[in-house]
Amino acid sequence: MSARSEPGELDIAGRVVELVARLAGAGAQAEVVVTRADLALTRFANSAIHQNVAESAVEVRLRVHADGRTAGGGGSAVTADGLRALVERVLAAARHTRPDPAWPGLTPPVPAPTSTGWDAATAYAGPDERAIMVRAFVDAAGGLETAGYCRTAFREAAFANSAGHAAQGRTAEAAMDGIARAGGADGTARHCVDRLADLDGAGLGQRAAAKARAAVDPVELAPGRYPVVLEPAAVADLLQNLSWYGFNGKRYVERQSFAEPGLAQLDPAVTLVDDPLGAAGLPFDLEGTPTRALTLVDAGTTTAVAHDRRSAAGVGAESTGHASVDSPTFGPIPRNLRLVPAGTAGAAGTAGATGAGPAGATGPTGMSGPTATGAGRAALAGAVADPDTAALVSRVQRGLLVSDLWYTRVLDPKSLVITGLTRNGLWLVEEGQVTRAVRDLRFTESYPRALAPGAVLEVGRRAVRQPDRTDGVWWEAPSLRLASWNFTGGASG
Amino acid sequence: MSEFDAAGAAVQAALDAGARYADARVMHRRYESMSARNGEVEALTQDESVGLGVRALVGSSWGFHAVPELSDRAARDAGQRAARTATASGLVPGPPVDLVPSPPAIASWSSPCEVDPLGVSLATKGDLLVTATGAMVDHGADLAEGLYQVWDTAKWFVSSEGHRIDQHIRECGGGISATSIGDGETQRRSWPSYRGQYGTTGWELVDSLDLTAHAARIAEESRALLTAPLCPAGETDLILGGEQLALQIHESVGHAIELDRILGWEAAFAGTSWLDLAQLGSLRYGSELMNITIDPTIPGALGSFGYDDEGSPAVKRDAVRAGRWVGVLAGRDSATVAGLDYGGSVRADGWARLPMVRMTNVGLEPGPHTLEEIVAATDNGVLMDVNRSWSIDDKRLNFQFGCEIGWEIRNGRRGRMLRNPTYTGIGPLFWRSMDMLSSEVVSWGTPNCGKGQPGQVGHTGHPAAPARFRNVRVGVRA
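Each residue is numbered by its place in its chain's sequence as written, counting from 1. Each chain gets a letter, beginning with A, and each ligand a number, beginning with 1, in the order they are written. Side-chain atom pairs in this predicted model are given and counted only at pLDDT of 80 or more, local residue features only at pLDDT of at least 70, and totals for whole chains, interfaces and linings cover all residues. Only heavy atoms go into the side-chain values, all of them from the structure, while hydrogens and water stay out.

## Here we look at the sheet that holds strand 15 (residues 362-364) of chain B
Sheet strands associate in pairs through backbone hydrogen bonding, adopting either a parallel or an antiparallel arrangement. All names here are of chain B. An order of 12-11-10-15 is seen for the 4 strands of this open sheet, with the pairing classed as antiparallel. Of all strands in the sheet, those bounded by a partner on one side alone are strand 12 (324-325) and strand 15. Only strands that DSSP links by at least two bridges are regarded as paired with each other. Numbering of helices and strands starts at the N terminus; helices are DSSP runs of H or I of at least 4 residues and strands are runs of E of at least 2. In this structure, strand 10 (residues 292-294) lies alongside strand 15, joined through 3 bridges in antiparallel fashion. Among the inter-strand pairings, Thr293 is bridged to a residue of strand 15, identified as Gly363. Pairs of residues are marked as contacts when any of their non-hydrogen atoms sit within 4.5 Å. Every axis corresponds to a line fitted to the C-alpha atoms, with the helix fit spanning only the stretch in contact, and the corresponding angles, defined between N-to-C directions, vary from 0 to 180 degrees. Sitting on the sheet, helix 6 (residues 242-254) is in contact with strand 10 and strand 15, with an inclination near 120 degrees to strand 15.

Listed below in structure tokens is the structure:
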């Protein structure tokens, strides 16, 4: 990856806007996003790199509204012929589709924040650098079998529309997600950062290995309701599902969401902020709306849902900068959601206060070595990964420590009842100590109910940014202690 | 420069850079989708993407690079980069890699298509969705949604072993859904399934679904479900409709027999499998009625092709025969690790993605009964149909599914409608309890199978028919 000689993204976007005006007349409205991306992912399994991929991609996305009709499309060609073909195709589609009376109009010219903090070394990282990170993870696992990935992502994007609005930005990200395996038990560690240099492959490998070793010889536990401590990876699943189905403006407009701004729906300990610029994110969305921090829940009270221009128009609101390729159909969703840690002043703009440092830097904590508890039980070493989680665990009389949630699916979107399983480590906590590993359990739980007033006993003080399956999307959370979680099935069904 | 030339240049560049094997795919994909909501077109999208992906094997390490250009310079650069990436993979090396033989075919293949789905006018397609969603609103739906999708993919494959294959695969399908919204929950009914039925076929598939004819019924059912009694909790006999059984096959058989999962290659993400290769050929997976094939040759099914993305020809194989596990979904490299002599189930989601083991058409052969006979033979049970939620553990054992609708079965008759029907179980125990299977097989298409990192969306087919399972736990809820 090197400096490019091709036309810049803003230049291409401007050319497409001009083409639309030339071919469809000045009355046609057009918005264009041009994105170049260098995405690379080095994947390992059985402690060896088995898949190692890189992609140089370019995409031009165009949406037009002409003669009261709307159509959109995308293409990978940035030649003059390719751009003209895209414009002609989308204009033809608009001519032949039905009227769109709910067209919300284009984003007017507004100042957009500039990209800050993107790291060139991450953007241009090569396969050797990712392989070295993998090597560190594998070596730190002390001979345990390992699997996972190290990825780097770089995107340059520009926006232009026929209302005269333009914006551009760059973003880079690195992430590592891995497991170590011991006797049929897995332990996990993952982290998402702005700079590849801030990933600690060895620390993550050490943490995953410690958790795997602590997860061997699990016992089967009867399903039922248990108090839980959810580690950041598990909390990330809550944040994702709340974003997709709860704080989704389209679903709110359709009355399919539990979210009701103005109501105290969650525990006062819960403050949720979507903060795309809390990391090196793009400063605008697919409609050119500037991105900004958006407080969705403030001390338990729902304050907002995410909107693109269309869903916002449906309720007389303003776009919150959450337009995406999928937002016209699935709805606009927060993609950079943070559960604000305890002890953090204020809600929005708290990125610097979360202590979201490298997850692997701490490694296994002072929970190491069997120790006698008040009940005479031996504490299990390695299960608890950091002092913050250890503090939450210490206040559980009898409950479960959950590392990760898996394959969560919605039974009903409005009540947000979800089923899924624990994965990568589940432990019994007795009298404040982790005492034994437990076989994975299935749960069926309403997420808003699990976080309802009185249900959140404690929010940790140190947030860790968890990578999503898609680069640029992340979920940042500390550990969380909840009064009850509904486990509905064990390993035997 | 032709597509074959570009692929060939990439392969040659990878060899020149030290690869001992390389292959390349040029893909040109056009995608169109339209969605409607409450009698209005909601979104219309037409995408077109062209690019090249090249895979290189250096020593025993793989590398892959993809570019959105087909120039000679871009192709050669991609080949070199793939080889360089493979060399970097060698920094954390694995065991030796070999490929099972695949005759170097020079061939062309196209999927069957009577009516080009991209040739049908947007007005005709829009009218269909607007009419169907409007009818659902008229019959009580709070939210009426309709969708169709079309993929038109041309691809050219070249390998350093001499493969030179071009294929043209057209896929399309669609469906409608009605949602009624109550105070605390929603109820949804879909036809023929949520987000629709799909195949490697032309627009004739969408015509055959007759979406508008089912609009009123599903809208009324969604409304009625809001006040229907809850599915009872407990163990009972369970009859599944074919659409739900298709997803049951997908999740608890299809993914479990993927060889990359069995070998641990997906351990950190998609997961592994409860299956142990030492038991291939002897393990009792299900009852004697359970005959499951891996068959990419089924005309019109969504997982059909002429050749997979490693150049292996489409071949029908047994996965489960008379309840015994006998076959896997494999690729050329994973097969050698497992000591097998066949691949044939490797595909990539577009030019920018690495080919990997994917389901083709994995489904049941017909049984001896009909749904009517199964209901008549059931004294006490629940019939469930059309999937609403799905979840299964990382070894593909512990599952829980929710369906859109259930009916009480009493004394051989279908009784009251039941809301929020769910069932849960352990894969092999569940399949061993199947004691009646219908002959009414439909090849259901699943266009949203996620796997891989970076993520890939696979299109798979699942022949399935209604069936009965004994003593299944139903009615799980929060």
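Don't stop here, the text continues.
## A word on the interface of chain A and chain B
In this complex, chain A contributes 75 residues to the contact, which on the side of chain B involves 81 residues. Values labelled buried area give the accessible surface lost by two parts on being combined, using a 1.4 Å probe and summing over both. Roughly 6400 Å² of surface becomes buried between chain A and chain B when both sides are summed, with 50% attributable to carbon and sulfur atoms. A per-residue breakdown of the area chain A buries against chain B is headed by A:Arg43, A:Arg98 and A:Tyr407, which together make up 10% of the total. Definition used for salt bridges: Asp or Glu carboxyl oxygen within 4 Å of a side-chain nitrogen of Lys or Arg. Inspection of the region where chain A meets chain B yields 10 salt bridges. Linking A:Glu254 and B:Arg37 is a salt bridge whose minimum nitrogen-to-oxygen distance equals 2.8 Å. Looking at which element gives the most residues to the side of chain A that touches chain B, the answer is strand 2 (residues 48-66) of chain A, with 12 residues.

## Here we look at the side chain of A:Thr152
Residues and elements named next belong to chain A. With respect to the secondary-structure elements, Thr152 resides in strand 4 (residues 145-161). Exposure classes here rest on a 1.4 Å probe applied to the protein chains alone. A residue is buried below 20% of its type maximum, exposed above 50%, and partly exposed in between. For Thr152, a relative accessible area of 4% translates into the label buried. Two N or O atoms form a polar contact when they lie within 3.5 Å of each other; inside protein one atom must be a possible hydrogen donor and the other a possible acceptor, and for residues adjacent in sequence the pair counts only when both atoms belong to side chains. In terms of polar contacts, Thr152 uses its side chain to reach the side chain of Arg130, at 2.9 Å. Not counting residues up to four positions away in its chain, the partners in contact with Thr152 are Asp38, Leu39, Ala40, Thr122, Ala125, Arg130, Glu173, Ala174 and Leu196.

## Describing the sheet that holds strand 8 (residues 272-274) of chain A
All names here are of chain A. With mixed pairing, the 6 strands of this open sheet are ordered in space as 10-9-8-11-18-17. Here the strands that pair on one side only, and so sit at the sheet edges, are strand 10 (301-302) and strand 17 (464-467). Pairing of strand 8 with strand 11 (residues 336-339), which is carried by 3 bridges, proceeds in the antiparallel orientation. Residue pairing in the sheet places Leu272 in a bridge with Leu339 of strand 11. Of the strands in this sheet, strand 8, strand 11, strand 17 and strand 18 (474-477) are in contact with helix 6 (residues 232-246), which crosses strand 18 at around 125 degrees.

## So, the layout of surface pockets
Only protein atoms enter the calculation, which uses a 1 Å grid: trapped sets of points that fit a 1.4 Å probe without letting it out are cavities, open sets showing protein on both sides within 12 Å along at least five of seven lines are pockets, and any residue with an atom within 4 Å of a point is a lining residue. Grid points are joined across faces, edges and corners, and a volume is the space filled by probe spheres set on the points. As a volume, the second largest pocket reaches approximately 550 Å³. In this structure, the second largest pocket is lined by 26 residues; those nearest its centre are A:Gly184, A:Arg439, A:Asp440, B:Asp394 and B:Lys395. Among the secondary structure elements, those contributing two or more residues to the lining of the second largest pocket are strand 6 (185-193) and strand 13 (417-430) of chain A. With 6 residues, strand 13 of chain A is the largest single contributor of residues to the lining of the second largest pocket. In this classification, Asp, Glu, Lys and Arg are treated as charged, Ala, Val, Leu, Ile, Met, Phe, Trp, Tyr, Cys and Pro as nonpolar, and every other residue, Gly included, as polar. Here the lining of the second largest pocket is composed, by residue class, of 11 nonpolar, 7 polar and 8 charged.

## Overview of the confidence of the model for chain B
Chain-level statistics for chain B give a pLDDT mean of 97 and a share of 100% at 70 or above. Confidence estimates for the predicted assembly give a pTM of 0.95 and an ipTM of 0.96. The score called pLDDT rates the predictor's confidence residue by residue, from a low of 0 to a high of 100.

## Here's the deal with the packing of aromatic side chains
Note on ring pairs: Phe, Tyr and Trp rings are taken, using the six-membered ring of Trp, and paired if centres are within 6.5 Å. Classes follow the plane angle, with under 30 degrees stacked, over 60 edge-to-face and the rest tilted. Taken as a whole, this structure holds 24 aromatic pairs over all chains when the rule is applied. Aromatic side chains A:Tyr226 and A:Phe487 sit 6.1 Å apart centroid to centroid with 65 degrees between the ring planes, which places their arrangement in the edge-to-face category. Taken together, the residues span a long stretch of sequence, with A:Tyr226 in strand 7 (residues 224-230) and A:Phe487 in strand 19 (residues 480-489) at a distance of 261 residues. Ring centres 5.8 Å apart and planes at 20 degrees place the aromatic pair B:Tyr423 and B:Phe430 in the stacked group. Under the relative-accessibility criterion, B:Tyr423 is labelled buried at 0%. We classify B:Phe430 as buried; its relative accessible area is 4%. Put simply, the rings of B:Phe399, B:Phe401, B:Tyr423, B:Phe430, B:Trp431 and B:Phe469 touch in pairs and so form one group of aromatic residues. Stacked on the ring of B:Phe4, the Lys or Arg B:Arg164 has its end atom at 4.3 Å from the ring centre. Whether a charge sits over a ring depends on NZ of Lys or CZ of Arg being within 6 Å of the ring centre and within 35 degrees of the ring normal. Positioned over the ring face of B:Tyr194 is B:Arg188, at 3.6 Å from the centre of the ring.

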